[in-house]
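# Per-entry structural report
Residue strings, one per chain:
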Amino acid sequence: MTSLLILNGPNLNLLGTRQPEVYGRTTLEDVRRLCEAEGARLGMAIAFAQSNHEGVLIDAIHGARGVHAGIVLNAGAYTHTSVALMDAISSAAVPLIEVHLSNIHAREAFRHKSYIAPVALGQICGFGAVGYALAIQAFAAHLGLQSGEPAA
Ligand code: DQA
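Report follows, based on the coordinates. From a predicted model like this one, the values you see are computed outputs, not experimental measurements.

Now for the site of the ligand. Surveying the vicinity of the ligand reveals the residues Arg18, Tyr23, Asn74, Gly76, Ala77, His80, His100, Leu101, Ser102, Ile104, Arg107 and Arg111. Between the ligand and Arg18 there is a distance of 3.0 Å, counted from an oxygen atom to a side-chain nitrogen or oxygen. In this structure, an oxygen atom belonging to the ligand sits 2.8 Å away from a main-chain N or O atom of Leu101. Residue classes in the shell around the ligand are distributed as 4 nonpolar, 5 polar and 3 charged.

In structure tokens, the structure reads:
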């Protein structure tokens, strides 16, 4: 079965209690359940991970090669700083969709820059946890999967 890696970066383990006025009350566990439900609906297996450490995220991106058909990445603040993550994505050559809960373009200027966007298939931001489900749907379309059916 086609599988996707949903990878979450620093501080996203605190979702639900972290700045709820910005990120809402949805927990990372809620996001995991939502991703698994969307994956099941579209016939894709979902692996879900979170780390606060840049190197662990890089290792996960490298490890996705040959294992996962795509990566959905919310790199948190590393989005705006990490050339190393950008290089890992280019090197692993696994298709990747960038997701953010908040609309990074409507926030502080330093959040407008993404090192991930130039090496991503696309970016989804501003829709809260729904953005993860939208990214999974985008992968289903990109990979040519039909709703509820596994890859041919
Ligand atoms: C975030 C946006 C980033 O700017 C921030 O550093 C985060 C969360 C989001 O999901 O909206 O940690 O990636």
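Still to come is the rest of the account.
Applying the stated criterion to the full structure yields 7 salt bridges. Between Glu108 and Arg111 there is a salt bridge, and its shortest N-O distance comes to 2.7 Å. Accessibility expressed as a relative area gives 36% for Glu108, which makes it partly exposed. By relative accessible area, which is 15% here, Arg111 ends up buried.

With their axes 9 Å apart at the nearest point, helix α3 (residues 54–63) and helix α4 (residues 83–92) run at an angle of 10 degrees to one another. Classified by the interaxial angle, the pair formed by α3 and α4 is roughly parallel. Along its contact with α3, which presents Glu54, Leu57, Ile58, Ile61 and His62, the element α4 presents Ala84, Leu85, Ala88, Ile89 and Ala92. For the contact of α3 with α4, a count of residues per class yields 8 nonpolar, 1 polar and 1 charged.

This brings us to the nonpolar core. One finds Ile6, Tyr132 and Ile136 to be the most contacted residues of the largest nonpolar core, which totals 23 residues. Counting only elements with at least two residues in this core, the list comes to β1 (3–8), α2 (28–42), β4 (96–100) and α5 (130–142). Leu5, Leu7, Ile71 and Ala75 belong to the second-largest nonpolar core, a separate cluster that totals 18 residues.

Counting through the fold element by element, Ala60 comes out in helix α3. A C-alpha to C-alpha distance of 8.9 Å links Ala60 and Leu5, two positions 55 residues apart in sequence. With sequence-adjacent residues up to four places away left out, Ala60 is seen in contact with Leu5 and Leu7.

Before going further, it helps to examine the side chain of Ser114. Following the sequence through the fold, Ser114 ends up in the loop between β4 and β5 (122–125). A polar contact is formed between the side chain of Ser114 and the side chain of Glu98, at a distance of 2.9 Å. The residues contacting Ser114, other than those within four sequence positions of it, are Thr79, Glu98 and Gln123.

Calculation notes
Residues numbered from 1 in each chain as written. Predicted model: local features only at pLDDT ≥ 70, side-chain atom pairs only at ≥ 80, totals over all residues. Heavy atoms only, no water. Near = heavy atom within 4 Å. Polar contact = N/O pair within 3.5 Å; in protein donor to acceptor, adjacent residues only side chain to side chain. Nonpolar A, V, L, I, M, F, W, Y, C, P; charged D, E, K, R; others polar. Salt bridge = Lys/Arg side-chain N within 4 Å of Asp/Glu carboxyl O. Buried < 20%, exposed > 50% of the residue type's maximum accessible area, 1.4 Å probe, protein only. Axes fitted to C-alpha atoms, helices over the stretch in contact; angles between N-to-C directions. Helix = DSSP H or I, 4+ residues; strand = E, 2+ residues; numbered from the N terminus. Parallel < 35°, antiparallel > 145°, perpendicular 65-115°, else oblique. Contact = heavy atoms within 4.5 Å. Core = buried A, V, L, I, M, F, W, Y, C linked by side-chain atoms within 4.5 Å.

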